[in-house]
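# Chains, contacts and geometry: an overview
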Amino acid sequence: MREAIDAIELGCMDRREHGFFKFDGKTIHVRNAGANFEAVKGTLRAIVNSNNIKEIRLLAHADCGAMKLVNSVLKEKKEFSDKVGSGLMEKINEVLIDQFRGIRFDSVEELCRKNNELQAEKLRAAFPGITITRGDEPVDVQKVTDTGSGHEHHSLYILKPSTKTYAGMIGGNQFDAYVLQAMSIEELKPDIAIALLLGQRSITLVAQSAEEFMTVRNDMNSLKVSPNIPSGLKETMTMVKVYKLPSKIM
Ligand SMILES: [Zn+2]
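Let me sum up the structure you'll find in this document. All values reported here derive from a predicted model rather than from experimental measurement. (Residues numbered from 1 in each chain as written. Predicted model: local features only at pLDDT ≥ 70, side-chain atom pairs only at ≥ 80, totals over all residues.)

## Brief notes about helix H6 (residues 185-197)
- Here H6 contains 13 residues, and its C-alpha end-to-end distance of 18 Å stays within 8% of the 18 Å for a straight helix at 1.5 Å per residue.
- At Asp-191, H6 shows its maximal kink, close to 25°.
- The complete set of buried residues in H6 reads Ile-185, Leu-188, Lys-189, Pro-190, Asp-191, Ile-192, Ala-193, Ile-194 and Ala-195. (Helix = DSSP H or I, 4+ residues; strand = E, 2+ residues; numbered from the N terminus. Expected span 1.5 Å × (residues − 1). Bend = angle between axes of the 7 residues up to and from the residue. Buried ≥ 20, exposed ≤ 12 C-beta atoms within 10 Å, placed from the backbone.)

As structure tokens, then:
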């Protein structure tokens, strides 16, 4: 019998974070750029509405690429519209960057700490009946020693929220892959663009069950016609089915 899901972990897509999630069969994982509530609140609400969730654990982390992007835009006044298209840049502002306007920070390190506090506050406000937990400090991913095969360019995996470990779902070394997990591809489009800005060079969509197959195929088609995904990357886009694997290695 499958165990009932009673906890959510909201984490970042960063490949160094894979080992910090809990894989007890009862914890479902949601991941995006920066462990950012704003971008995946629809997914979080849907999970809360259909499960008896007692706890949401936040895994915001140090040395976060999403916070480096926020810093580049707000402190260094860098422009990225030419790289992701102005429509999507507006969306990135709306779901990620705008929430940090008016928050004081002097370094990316400090911004990562503020993010850890801010996202926990947002979760508390959105889900008053649920225990929200976070570390006193952002997750220290810089301590992680297994950081993949040492490839300079990493791949991006797009998964639906799941309780499963990543080893069975990601081909090759799991620590080479960034992971986005939300229910709808629309929610993830700004995060996909952020991942591309941060240097991801291929996209793999994962269907974790036969029921998911059609949705994931539609997601892939949606990305293929998206004007914001560079055509070179569209050619890299693949879909893998993992649901035929024996459950013990998933
Ligand atoms: Zn991050």
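## Describing the nonpolar core
- Counting residues in each nonpolar core, the largest one holds 61 residues, and the members touching the most others are Leu-10, Leu-58, Ala-66, Tyr-157, Ile-158 and Leu-180.
- Residue contributions to this core peak at 6 residues, all from H6.
- Sequence-distant contacts of Leu-180, that is, excluding residues within four places in its chain, are made with Met-13, Arg-31, Asn-32, Leu-156, Ile-158, Leu-188, Asp-191, Ile-192 and Ala-195. (Core = buried A, V, L, I, M, F, W, Y, C linked by C-beta atoms within 7 Å. Contact = placed C-beta atoms within 7 Å.)

## A look at the packing of helix H4 (residues 86-97) against H6
- The interhelical angle for the contact between H4 and H6, taken along N-to-C directions, is 105°, at an axis separation of 9 Å. Of the possible angle classes, the one that applies to H4 and H6 is roughly perpendicular. Between H4 and H6, the contacting residues are Leu-88, Lys-91, Ile-92, Val-95 and Leu-96 on the first element and Lys-189, Pro-190, Ala-193 and Ile-194 on the second.
- Partitioned by chemical class, the residues of the contact of H4 with H6 number 7 nonpolar, no polar and 2 charged. (Axes fitted to C-alpha atoms, helices over the stretch in contact; angles between N-to-C directions. Parallel < 35°, antiparallel > 145°, perpendicular 65-115°, else oblique. Nonpolar A, V, L, I, M, F, W, Y, C, P; charged D, E, K, R; others polar.)

## Topic: the pairing of strand S2 (residues 27-32)
- Taking burial as the measure, the 6 residues of S2 include 5 buried ones, the bulk of the element.
- Here 6 bridges tie strand S1 (residues 7-12) to S2, and the two strands are oriented parallel to one another. Residue pairing in the sheet places Glu-9 in a bridge with His-29 of S2. (Pairing = 2+ DSSP bridges.)

## With respect to the environment of Tyr-166
- Mapped onto the elements of the fold, Tyr-166 is located in the loop between strand S5 (155-159) and strand S6 (177-181).
- Take Tyr-166: there are 21 C-beta atoms within 10 Å of it, and that puts it in the buried class.
- Sequence separation between Tyr-166 and Gln-142 is 24 residues; the distance between their C-alpha atoms is 20 Å.
- With near-sequence residues (within four places) excluded, Tyr-166 lies in contact with His-18, Gln-174 and Val-179.

## So, unusual backbone geometry
- At Asp-63, a position not held by glycine, the phi torsion is positive, near 60°.
- Residue class for Asp-63 comes out partly exposed when judged on the 16 C-beta atoms lying within 10 Å of it.
- The phi dihedral of Lys-77 falls on the positive side, at around 55°, and the residue is not glycine.
- Mapped onto the elements of the fold, Lys-77 is located in the loop between helix H2 (65-74) and helix H3 (81-84).

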